Amino acid sequence: MNLQQRDKRVNWHPYTQMKTAEDAVPIVKGKGVYLFDDEGKQYIDAVSSWWVTLHGHAHPYIAQKVSEQLHTLEQVIFAGFTHEPAIQLSENLLQLLPDNQEKVFYSDNGSTAVEVALKMCIQFAYNQGKEKTKILAFKDAYHGDTFGAMSVSGRSVWTKPFGEMLFDVVFIDTPTSDNLENLKSQIKDIADEIACFIYEPLVQGAAGMLMHHPEDLSELMKFCKEQNILLIQDEVFTGFGRTGKLFAADYLTEKPDIMCFSKGLTGGTMPMGITTSSSEIFNAFLSEDKYKTLFHGHSFTANPLACTAALTSMELLLSKETQEKINLIHEKHKEFSKTLQQHSRVENVRQTGTILAWDFKTEQGTSYFNTIGKFFYKEFLHRGIIMRPLGNVMYLVPPYCIASEDLDYIYDTVLQVLDMKFD
Ligand SMILES: *Cc1c(COP(=O)(O)O)cnc(C)c1O
């Protein structure tokens, strides 16, 4: 049996209808921006393997550092114990965040980082004897697939079977200069009951790379603060350079109370989630009363290997070379946007830093089930590029190490594929 046949016998893939799915592509090796299948075919990873890979696959420096850590200390319980990689990572990360962020809580992925943030906010009110259990979120939000994270995500085909079991969330539109006053009055009516507002800053990834302006978000954040609503800024996707700056926070004038990180955190090397908090939040859990403790943890909390991968990835991220590459991607995307904008089958071209997205005009309308995405996916794969359209939304989120020529190849291929005949 080959890898594909063996895979089919035993594996259940994420976000995949296994009845109709094509055989999974067996990847045997990664190097930089490339992945290689079992027949030696090379693919450019234009989606950073689900938006996580920053410096390329099998990065030798990260591999070396993680390997050294593996031979020193691979794992230790994080309740009652600590270690250098976790301390150093927390110190380094906090230095880069808005200056009100003072504590780091570790977990395993983006969804758990969100769960922790939600529990912090709900218990923040509880510890003060207040009943505040409503949560505010954006209509098309995506914050993960666990139950809490699903609850604060927009209701969609992904959440449908669980609808009844998701907790009550008030969904609002993303802010524009036109609707801001309306949003404020909507929030004001129920502000007393709202524990927190969770949002993806600037770019709503899974919703289809929807973008909003930092000025409008800043104003909404400011208003929520005035209404004593805690702010959870989910930077799971936007963090670590994706938006052109280190964090989406760097575009905003207001500071969140809590921040969530994952995807790019370890440079795509290992799973890890982080929830940071202000001292105001942290202090509300300090008590002689044991019931005021944050009773949350995971077996692998602050795993030393993942901490080391994150530390090393952040070192690479801050290097002049990487910062220049991020700028280069930004500039090249911007240039290509102009060409895309003129294409008759393209609309809503949008960009934030290294993220470039556009809608393919289609009769089918915008839907995740739009078959055109599948068509494009296969055409790109055939041409050695991994792209994964969300319905009719096409986007590029390349690793920062991508060479200029590889970007050009992707752009050329996009134009070729856009002009294909189908239906
Ligand atoms: C991907 C994502 C999550 C969930 O992260 P997982 O690691 O997939 O659980 C949460 N929030 C945002 C904004 C994301 O893009």
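Residues numbered from 1 in each chain as written. Predicted model: local features only at pLDDT ≥ 70, side-chain atom pairs only at ≥ 80, totals over all residues. Heavy atoms only, no water.

Under an unreviewed UniProt entry, the protein has the name Adenosylmethionine-8-amino-7-oxononanoate aminotransferase and belongs to Chryseobacterium tagetis. Looking at the Subcellular location (unreviewed entry) heading of the UniProt record, one finds this comment for the protein: "Cytoplasm". Quoted verbatim from the Function (unreviewed entry) heading of the UniProt record, the comment on the protein is "Catalyzes the transfer of the alpha-amino group from S-adenosyl-L-methionine (SAM) to 7-keto-8-aminopelargonic acid (KAPA) to form 7,8-diaminopelargonic acid (DAPA). It is the only aminotransferase known to utilize SAM as an amino donor." (UniProt positions renumbered as here; feature names shortened; annotations may be inferred.)

Chemist: Explain the UniProt feature "binding site: pyridoxal 5'-phosphate" (unreviewed entry) in the protein to me, please; I cannot follow it from the model alone.
Modeler: Residues given the UniProt feature "binding site: pyridoxal 5'-phosphate" (unreviewed entry) here are Gly 110, Ser 111, Asp 234, His 298 and Ser 299. With a sequence span of 190 residues, these residues are also far apart in the fold, their greatest C-alpha distance being 23.0 Å. Checked against the lining of the second largest pocket, the annotated residues just named reduce to Gly 110, Ser 111 and Asp 234. Within the fold, Ser 111 resides in helix H5 (residues 110-127). Assessed through its relative accessible area of 14%, Ser 111 is described here as buried. Ignoring anything within four residues of it in the chain, the contact list for Ser 111 reads His 143, Gly 144, Asp 145, Thr 146 and Ala 149. On the secondary structure map, Ser 299 appears in the loop between helix H9 (279-283) and helix H10 (304-318). (1 Å grid on protein atoms, 1.4 Å probe; cavity = no way out; pocket = protein on both sides within 12 Å on 5 of 7 lines; lining within 4 Å. Helix = DSSP H or I, 4+ residues; strand = E, 2+ residues; numbered from the N terminus. Buried < 20%, exposed > 50% of the residue type's maximum accessible area, 1.4 Å probe, protein only. Contact = heavy atoms within 4.5 Å.)

Chemist: Would you mind showing me how to read the pattern of salt bridges here?
Modeler: A side chain of one charge can pair with a side chain of the opposite charge when the charged atoms of the two come close. Taken as a whole and judged by the stated rule, the model has 13 salt bridges. Between Asp 23 and Lys 8 there is a salt bridge, and its shortest N-O distance comes to 2.6 Å. Taken together, the residues Asp 23 in the loop between helix H1 (3-10) and strand E1 (27-31) and Lys 8 in helix H1 connect sequence positions 15 residues apart. A salt bridge links Lys 338 to Glu 335; the shortest N-O distance between them is 3.4 Å. Here the residue Lys 338 and the residue Glu 335 both occupy positions in helix H11 (residues 320-341), the gap between them amounting to 3 residues, near one helical turn. Its relative accessible area of 46% is what places Lys 338 among the partly exposed residues. Residue Glu 335 is classed as partly exposed on the basis of its relative accessible area, which comes to 49%. (Salt bridge = Lys/Arg side-chain N within 4 Å of Asp/Glu carboxyl O.)

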